[in-house]
Structures are given as structure tokens and as C-alpha cells.
Protein chains: 2
Amino acid sequence: MKYASETVERAIHELSKLPGIGRKTAQRHVFFLLKQSEENVRQLAESLLELKSKVIHCSVCYNITEDDPCRICASDKRDRSIICVVEEASDILALEKTGEYNGLYHVLGGALSPLDGIGPDDLRLKELLRRLTGVKEIIIATNPNTEGEATALYISKLVKPLDVKVSRIARGIPVGADLEYADETTLARALQGRLEY
Amino acid sequence: MKYASETVERAIHELSKLPGIGRKTAQRHVFFLLKQSEENVRQLAESLLELKSKVIHCSVCYNITEDDPCRICASDKRDRSIICVVEEASDILALEKTGEYNGLYHVLGGALSPLDGIGPDDLRLKELLRRLTGVKEIIIATNPNTEGEATALYISKLVKPLDVKVSRIARGIPVGADLEYADETTLARALQGRLEY
């Protein structure tokens, strides 16, 4: 069953392409937007168009940015001897929020996943290797799942022979979690990665 | 913590105004859109803009439509002696899906809610009364919550003296549900509204 208005149908169709948005949610959004002022809807539409016209990838680290190089790469307050490797640009914000890290970043653009046909050539690995001059450490912060771990291993094998220290972010019990409910793999990792007082 | 790119921040801000979309989900949408082609994002943005430029309210029943009057009001196959009163235009599709109803509709534009400052003058009640010539029955299909029930009662008191039959959609156990898990109010309604075989 569809709406008589093709415009409404088209908006529902377009919105339901967004991740995690089904037809019902898209319908709800459309009826919400129909009640908004034209100005408000225009602002939303324009902000989406600007995403593609203004936001680019930093030519050094491939973070999203409006200026090239990005603020992190251009900053003289960051430690240029250390690069943190992440899968996606969105991971950078999560790491920046910790306030624990003051080095540079490198966005791979994904993780190795043979099943999805994503091999080493599809990631920005050559671009990473080109940046290693003067770099003392590479921290690999790919996701702690099969693809992320495989990617981490691959990068470590690639970078280690070049006399650069390679580390991987710790996997263990999340802060605030209950030991009782932790899964075995995470608990095993937490034991393996234990730190001395 | 915010993104260095103001365009990204603006898009997140605009998207998180949608109902049920928080900052995290909006962030996810933005990163999804950044990966889409410019053409795809343009299509989404344009479909939203068209919502406000093309979609209007039917001047008879206040359903959403692109032509005035709407297809239902203009159709000569619908029973013009019966009007189903709903809160929102989105309710019409749900009723049309049943295939059980062949009359006209009337969209109130909400329900009575003194706490939110929505009184009888804020609903399209005068417009409903003006449509009653030749109408034999009004089916009130407002939501089965406090506001919807109050609105139904209000309309019934308004319309009954005008010699028009007024009915209310049945409240009871939803089809496929478990009696065991039904709440008391619904079960009480189901008993009150029992039908003879």
C-alpha cells in the first residue's frame, strides 16, 4: 500500500536508504517534515547538499575536513612521530574525545574482508607507508572484530620490518562492565593483556 | 566534543531534529551520506524540498495530497454518506490498507490535549461540522489513548444532536496477541465491546 502522493513516496524511499531507517521510520520522518516550516526543511536539505560540496578528505591522513590538510595534520601542537591507524574517519572523534592522544591519524577507509572482496589494495596502506619517515610508533586502532584484527596483523607485518614500533589498542573488559557478563573471548584478552602494578 | 568540520556538525544538528534521531544516529547518517555519490545525496535533498513545495492538504478532508481535492474525496466510487475522523493524515493509510472502508475521511490535525494547550479550536472541528450534509455516519478513529478518547467523546457530543450516527472503532485484544499479556484496560474494553455470534 502506497501513498497517493508520489512526492511523499519518493521522500520515504530516499529516507529509507539511510542506515537503520525502515519504511515506517521514514514515513514518520516525512510526516514530521510535512509539519515543519519550509525554512526548516530547506535548512536540512541544504546541510545535506553541503556535505558533498564542502567536506573533503585530508590529503595526508584522509580524515574528513573542509580545509586540506585537516586541522590535526596542520597543527604544530601534535606529536608527528606517532600515527594512530583507524578504519573510518568517524573513529577519530571517538579517540579525540579521550584526550589521551596527541599524535596524528591515518584513516584506512575500511578493514580487510576477503568475503566482501576488500583486499589490501582497497585500503590506504601505500599511503600509510609513504608517511613513515620520522615516525617512531604506529598505534593500530582498528575495530576488535575479525576484520579489524586481521587488518591489524597485516599492518604490523608490513610496518615492523621498517624499524617502526607497532602497537595495538588493548582489548579487555569495558570500564563499568560486569565481569560476570563479559564474554569469554573478551575475558581471555583481558587476562592476556594484564598490566603489572 | 565536536567535529572540526562545521558542515558535518550542521548536518548532524539538522538530522538530529528528526523524531527518534539522536546525535549518534545522525552522525552515522552523515558518515553514510559522505560515502554516497553526490547524485544520491542530491536526490535525497530534493525529495525533502519537494515535500514542502508539492504536497498540500486536501481542502475537503485535509489529507495530504498533490491534487486538490485528494483522490479519495474526488473519487466517485467512495461512499459519501460516511466519514471516518482521524487525528493525522498518516492514519488514513493504515485504514486504507485494511480494505474494509470505502467512505470519506476527515483529518482533525491532532487530538484534544489541555496540558499541551490544544483545545477544540485547534482541531478541524468546524470544518467537520460543515461537511455533515448528506452524511449518515461518523466513525471516530482517533487513537485509543487519553487524548484520543477525550476527542472522540467531544466529537460524539457535538455531532449526535445533528441526527448523525456516531460510532467509535473497537478497542480490544489485537489479533495475534496473547490474552495472558494483554493489559487490564484493553482486556476490560474487549469484554465491554464483545460481539454476539
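Every value quoted in this text rests on a predicted model; they were computed, and no experiment measured them.

How each quantity is defined
- Residues numbered from 1 in each chain as written.
- Chains lettered and ligands numbered in written order.
- Predicted model: local features only at pLDDT ≥ 70, side-chain atom pairs only at ≥ 80, totals over all residues.
- Heavy atoms only, no water.
- Core = buried A, V, L, I, M, F, W, Y, C linked by side-chain atoms within 4.5 Å.
- Buried < 20%, exposed > 50% of the residue type's maximum accessible area, 1.4 Å probe, protein only.
- Contact = heavy atoms within 4.5 Å.
- Pairing = 2+ DSSP bridges.
- Helix = DSSP H or I, 4+ residues; strand = E, 2+ residues; numbered from the N terminus.
- Axes fitted to C-alpha atoms, helices over the stretch in contact; angles between N-to-C directions.
- Least-squares fit on C-alpha atoms with pLDDT ≥ 70 in both.
- Domains from an automatic or database assignment.
- Salt bridge = Lys/Arg side-chain N within 4 Å of Asp/Glu carboxyl O.

Moving on to the nonpolar core. Ranked by size, the top nonpolar core spans 99 residues in total, and within it A:Leu48, A:Leu51, A:Ile138, B:Leu48, B:Leu51 and B:Ile138 carry the most contacts. Setting aside its immediate chain neighbours within four residues, B:Ile138 contacts B:Ile83, B:Val85, B:Leu128, B:Leu132, B:Val159, B:Val164, B:Lys165, B:Val166 and B:Ser167.

Attention now moves to the sheet that holds strand β6 (residues 165–168) of chain B. Residue and element names in this part refer to chain B. Strands sit in the order β4-β3-β5-β6 across an open sheet of four strands; the sheet is parallel. Pairing within the sheet leaves two strands with one partner each, and these edge strands are β4 (103–107) and β6. Direction aside, neighbouring strands of the sheet carry axes that sit 25° apart on average. Strands β3 (79–86) and β4 of the sheet are contacted by helix α5 (residues 89–98), whose axis makes an angle of about 155° with β4.

Here we take up the relation of the copies chain A and chain B. With an axial shift of 0.1 Å and an RMSD of 0.1 Å, the rotation relating chain A to chain B amounts to 180°. Taken together, the rotation and translation describe the operation of a two-fold axis. Rotation axis and chain A: the residue whose C-alpha lies nearest the axis is A:Ala45, separated from it by 2.2 Å.

Right, let's get into unusual backbone geometry. Residues and elements named next belong to chain A. The omega torsion of the bond from Asp 68 to Pro 69 falls at -5°, within 30 degrees of zero and hence cis. Tracing the sequence through the fold places Pro 69 in the loop between β2 (64–65) and α4 (71–74). Residues other than glycine seldom take positive phi values, yet Tyr 62 does so here, at roughly 70°. Looking at the element boundaries, Tyr 62 is found in the loop between β1 (56–57) and β2.

Along its sequence, chain A is carved into domain 1 (6–51) and domain 2 (81–168). One C-alpha centre belongs to domain 1 of chain A, the other to domain 2 of chain A; they are set 36 Å apart.

Under the definition given, this model contains 22 salt bridges over all chains. Residues A:Lys165 and A:Glu137 are paired through a salt bridge, measuring 3.8 Å at the closest nitrogen-oxygen approach. Here A:Lys165 is found in strand β6 (residues 165–168), whereas its partner A:Glu137 is found in strand β5 (residues 137–140), with 28 residues between them in sequence. Given a relative accessible area of 18%, A:Glu137 falls into the buried group. Between B:Arg42 and B:Glu46 there is a salt bridge whose closest N-O contact spans 2.5 Å. Highlighted residues: B:Arg42 and B:Glu46, both in helix α3 (residues 38–54), separated by four residues, approximately one helical turn. B:Arg42 gets classed as partly exposed once you look at its relative accessible area, which sits at 30%. Several salt bridges share partner residues, and in doing so they unite A:Arg10, B:Glu50 and B:Lys54 into one network.

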